[in-house]
Amino acid sequence: EHSSEEFKMVKQYTQNTHGHTHTSYKLDVLDVYKLDKSSEDDAFAEFKSNSNRQLLWHGSRLTNYVGILSQGLRIAPPDA
């Protein structure tokens, strides 16, 4: 939903952080997906009201997303 707070926030971040030296291409946000993993709600509940939070970006190949969604974002082994 393009009127959602998440979509607006990601679109604004994309516009604000597109470097001035990267003029040969334009970024456009097509869709934003929000996922909630209920098993992690309790683990992060104590931080929900903490205002000292920051949105982090992670770029990955499409083939990696099933693993990331099922197992979480993990540190790659040294030989990867």
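What this report covers is the structure whose coordinates are included nearby. All residue numbers here refer to positions counted from 1 along the written sequence of the relevant chain. This being a predicted model, a pLDDT of at least 70 is required before a residue's local features are given, and a value of 80 or more before pairs of side-chain atoms are given or counted; all residues contribute to the totals for chains, interfaces and linings. No hydrogens and no water enter the side-chain calculation; it runs on all heavy atoms of the structure.

What follows deals with a negative patch on the surface. On the surface, D36, E40, D41 and D42 cluster together to form a negatively charged patch. The topology assignment puts E40 in helix α2 (residues 38-44). Surface patches are defined over residues having more than 30% relative accessible area and no salt bridge, joining like charges when they lie within 9 Å and nonpolar side chains (Val, Leu, Ile, Met, Phe, Trp, Tyr) when within 5 Å. What sets the accessible areas is the Shrake-Rupley method with a 1.4 Å probe; for residues, cover comes only from the shown protein chains. For this document, the term salt bridge refers to a Lys or Arg side-chain nitrogen within 4 Å of an Asp or Glu carboxyl oxygen. The charged-residue count follows a simple rule in which Lys and Arg add positive charge and Asp and Glu add negative charge, with His and chain termini not counted at all. Note on charges: their place is set at NZ of Lys, CZ of Arg, CG of Asp or CD of Glu. Counting from the N terminus, the helices are the DSSP runs of H or I reaching at least four residues and the strands are the DSSP runs of E reaching at least two.

What follows concerns a nonpolar patch on the surface. On the surface, a nonpolar cluster with roughly 450 Å² of combined accessible area is contributed by L35, L62, Y65 and L69. Within the secondary structure, L69 sits in helix α3 (residues 65-71). Owing to a relative accessible area of 49%, L69 belongs among the partly exposed residues under this scheme. Accessible area is worked out with a 1.4 Å probe on protein chains only. A residue is then buried under 20% of its type maximum, exposed over 50%, and partly exposed in between.

Moving on: helix α1 (residues 5-17). In a helix, the anticipated span is given by 1.5 Å times the number of residues less one. Taking 1.5 Å of rise per residue, the 13 residues of α1 would be expected to cover 18 Å, and the 18 Å separating its terminal C-alpha atoms lies within 8% of that figure. Taken as a whole, α1 has its buried residues at F7, V10 and T14. On an axial view of α1, the arc spanned by its buried residues comes to 70 degrees, and they lie on one face. Opposite its buried face, α1 presents the exposed residues E5 and N16, each directed more than 90 degrees away. Here the arc refers to the set of directions running from the helix axis out to each C-beta atom.

By themselves, these figures tell us nothing about what the structure is for.
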